[in-house]
Amino acid sequence: MSQLVEIKVPDIGDYQDVPVIEVHVQPGDQIEVDQSLVTLESDKATMDVPAPVAGIVREIKLKVGDSTAEGATILLLEPSAVASVAAAKQPSHQAVSAGAEKQVQPATESTPNSSTKPVQPALAQAKVASVSTATTTSQISHASPSVRKFARELGADITQITGTGPKGRILQLDVQAYVKNLMSQTRQAASSTSGGAELNLLPWPKVDFAKFGPIEARPLSRIKKISAANLARNWVMIPAVTYHENADVTELEAFRLSLNKENEKMGIKLTLLAFLMKASAVALKKFPEFNASLEDDQLILKQYFHIGFAADTPNGLLVPVIRDVDQKGVVEIAQETSQLAKLARDGKLKPEQMQGSCFTISSVGGIGGTGFAPIINAPEVAILGVSKTAYQPVWDGKQFQPRLIMPLSMTADHRVIDGAMATRFNAFIAQLLGDFRRTML
Ligand code: CAO
């Protein structure tokens, strides 16, 4: 009967009752020197116990969930001929000093927030003692604690990863490549039209804010979560450019105020938004590429003119849609926007009232601002941002005149709309707002 060695937990510092979080081998496995046997996790660090000698695992004495400490037996190993020389020279059941074997790299990883006390330079090496018994073989994953921890954090199954390091060791790069590959497969399966973009971004920074002062964690509303995902995709996927223009709305505003005075008793209020909608529908007709969506390699040009408007609600941003704006008058548009904005604020908008939009207007003019870069509401190709009108001195050739100026900020998808066309579109809208009679032409 061949001689067995008892592999023990080496010096792990002052820790007692350290939980076993992974057992990397099983009876019958052929293992090599330095191969990870188990991973222990103290409150400060994750530590791998590497094999001090090569051989075949005969019996495992620890399991996941056990608590252990220095000197506890991990497993019984039948040393292979070459690697076992040093161990075989030792008498049965007698511990071999860790330092007597090949030196092993420290294999610890501090957890975030780990305090000042350093963990002992790793599990330098498992202690070995000899016993007796018999043999078989198999292969297992080979990775450092930090790489195992990294894989665990990403939810990656380390046993499925192929190592490219020395002796097939799994490196952090291998884990990244594995996760990247999985994500890319998932994306391809999820959407054949996604374009296959791979960002290869760094993980989001994790900060324990409470370390710096009091905090309150407030869950995002359902609407915010949905719009966050949409906005992030649109921001990343669309090569967008924002073009700025000033519209002189002095006459338009005077006209609007006079109409509102006339219609006061009927309870009808015309807002600038209604005029902007009407002007946009006229501009979309003149510039069909703005009334379009990019689908694979073709542009879908729409022959209807439905326009969405961003509505600020207590639960987040919603975009109600006015249908067939080109066929409606400003009064009707104003009434519909006010009804839909109320439904949005009351959380009563129906899904169909938010669908089918060709172009979106985001007006923060009632609040303020001098310009901003709105994010396109995909699959649309442009969005018009509107900021607060204000009197500005405008040179008329002889003198400065006080004119009411509305800042327009239009973001366009550069894959469909180039800078010249975008600027023409903006200038045309400004022209319509400058003399609203032009919308009838
Ligand atoms: N410049 C100056 N004043 C403006 C203006 C502008 N561009 N646009 C509107 N106003 C004024 C209105 O005239 C009104 O004043 P009076 O009550 O004296 O007439 C006041 O601001 C409030 O207007 P309103 O908000 O009632 O009406 P609206 O049609 O301008 O806007 C709506 C409706 C739904 C767009 C708006 O309530 C809203 O939610 N805006 C925010 C949109 C938003 O969040 N966009 C950002 C999206 S990206 O995060």
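It should be noted that the structure appears before, not after, this text.
A. Spotlight on the overall build of the protein. From N to C terminus, the protein includes 8 helices and 22 strands. The burial tally for the protein puts 43% of its 441 residues in the buried class. Surface exposure of the protein reaches about 24200 Å², of which carbon and sulfur atoms provide 55%.

B. Spatial organisation of the environment of Ala151. Following the sequence through the fold, Ala151 ends up in helix α2 (residues 145-154). Between the C-alpha atom of Ala151 and that of Val175, which follows or precedes it by 24 residues, the distance is 6.2 Å. Every residue in contact with Ala151, bar those within four places of it in the chain, is listed here: Ala156, Ile158 and Val175.

C. Just the pattern of salt bridges, in detail. The final tally for this structure, using the stated rule, is 15 salt bridges. A salt bridge links Glu22 to Arg152, with the nearest nitrogen and oxygen atoms 2.3 Å apart. With a gap of 130 residues between them, Glu22 in strand β2 (residues 18-23) and Arg152 in helix α2 connect regions that are remote in the sequence. The exposure class assigned to Glu22 is buried, which follows from its relative accessible area of 18%. With its nearest N and O atoms 2.8 Å apart, the salt bridge here joins Glu253 to Arg256. Here Glu253 and its partner Arg256 are both found in helix α5 (residues 250-262), 3 residues apart, which amounts to about one turn of the helix. Each of Glu22, Asp48, Arg148 and Arg152 takes part in a single network of salt bridges with overlapping partners.

D. Spatial organisation of the pairing of strand β19 (residues 359-363). Among the 5 residues in β19, 4 count as buried, and that is most of the element. Relative to β19, strand β15 (residues 307-309) runs parallel, the two sharing 3 bridges. From the neighbouring strand, Phe309 faces β19, where its bridge partner is Ile361. Pairing between β19 and strand β20 (residues 382-386): 4 bridges, direction parallel. By the bridge assignment for β20, Thr360 is matched with Ile383.

E. Representation of the site of the ligand in the model. Near the ligand you find 22 residues, and of these Lys269, Asp312, Ser362, Ser387 and Thr389 are the closest. One nitrogen or oxygen atom from the side chain of Thr271 is found 3.3 Å from an oxygen atom belonging to the ligand. In this structure, a nitrogen atom belonging to the ligand sits 2.8 Å away from a main-chain N or O atom of Thr389. Isolated, the ligand exposes 960 Å² of accessible area, and the fraction of that covered by the protein chains is 67%. Of all the secondary structure elements, the ones that give two or more residues to the shell around the ligand are α6 (272-286), β16 (311-313), α7 (330-345) and β19. When grouped by side-chain class, the residues that make up the shell around the ligand number 10 nonpolar, 7 polar and 5 charged.

F. Local environment of unusual backbone geometry. A cis amide bond links Ala378 to the next residue, Pro379, at an omega of 10°. Of note, Pro379 is situated in the loop between β19 and β20. A positive phi angle is found at Asp34, which is not glycine, with a value near 80°. Following the sequence through the fold, Asp34 ends up in the loop between β3 (30-31) and β4 (36-41). At Asp324, a position not held by glycine, the phi torsion is positive, near 45°. In this fold, Asp324 is placed in the loop between β18 (321-322) and α7.

G. Expanded view of the nonpolar core. By size, the foremost hydrophobic cluster in this structure holds 57 residues, and its most contacted members are Phe290 and Leu433. If you tally residues by element for this core, the top one is α6, at 11 residues. The residues contacting Leu433, other than those within four sequence positions of it, are Ala247, Asp248, Val249, Leu252, Phe275, Leu276, Ala279, Met406 and Leu408.

H. Expanded view of helix α8 (residues 419-434). With 16 residues, α8 extends 22 Å between its outermost C-alpha atoms, agreeing within 8% with the 22 Å of an ideal straight helix rising 1.5 Å per residue. Along α8, the residues classified as buried are Met421, Ala422, Phe425, Asn426, Phe428, Ile429, Ala430, Leu432 and Leu433. Against β12 (240-248), α5, α6, β19, β20 and β22 (400-413) lie the buried residues of α8.

I. How the structure looks around the pairing of β4. Within β4, 5 of the 6 residues are buried, which leaves the element mostly enclosed by the surrounding structure. Two elements, β2 and β4, share 3 bridges in a ladder whose sense is antiparallel. In the sheet register, Glu22 faces β4, and the bridge partner there is Thr39.

J. Region of interest: the side chain of Ser280. Its location among the elements puts Ser280 in helix α6. Polar side-chain contacts of Ser280 include one of 2.7 Å to the backbone oxygen of Leu276. Not counting residues up to four positions away in its chain, the partners in contact with Ser280 are Ile307, Phe359, Ile361, Leu384 and Ile429.

K. Examining the packing of aromatic side chains more closely. Applying the stated criterion across every chain yields a total of 8 aromatic pairs. With a centroid separation of 6.3 Å and an interplanar angle of 65°, the aromatic rings of Phe255 and Phe275 are classed as edge-to-face. Remark: Phe275 occurs in helix α6 and Phe255 occurs in helix α5; sequence separation between them is 20 residues. Ring plane angle 80° and centroid distance 5.1 Å describe the contact between Phe275 and Phe436, whose orientation is recorded as edge-to-face. One end of the pair, Phe275, is in helix α6; the other, Phe436, is in the segment after α8, and 161 residues separate them in sequence. Of the two residues examined, Phe275 and Phe436, each falls in the buried class. Grouping aromatic residues by their ring pairs yields a cluster made of Phe287, Phe290, Phe359, Phe425 and Phe428. Above the face of the Phe428 ring, Lys286 is positioned so that its terminal group lies 5.1 Å from the ring centre.

The rules behind each value
Residues numbered from 1 in each chain as written. Predicted model: local features only at pLDDT ≥ 70, side-chain atom pairs only at ≥ 80, totals over all residues. Heavy atoms only, no water. Helix = DSSP H or I, 4+ residues; strand = E, 2+ residues; numbered from the N terminus. Buried < 20%, exposed > 50% of the residue type's maximum accessible area, 1.4 Å probe, protein only. Areas by Shrake-Rupley, 256 points an atom, 1.4 Å probe, with all protein chains shown as cover. Contact = heavy atoms within 4.5 Å. Salt bridge = Lys/Arg side-chain N within 4 Å of Asp/Glu carboxyl O. Pairing = 2+ DSSP bridges. Near = heavy atom within 4 Å. Polar contact = N/O pair within 3.5 Å; in protein donor to acceptor, adjacent residues only side chain to side chain. Nonpolar A, V, L, I, M, F, W, Y, C, P; charged D, E, K, R; others polar. Core = buried A, V, L, I, M, F, W, Y, C linked by side-chain atoms within 4.5 Å. Expected span 1.5 Å × (residues − 1). Phe/Tyr/Trp six-rings, centres within 6.5 Å; stacked < 30°, edge-to-face > 60°. Lys NZ or Arg CZ within 6 Å of the ring centre and 35° of its normal.

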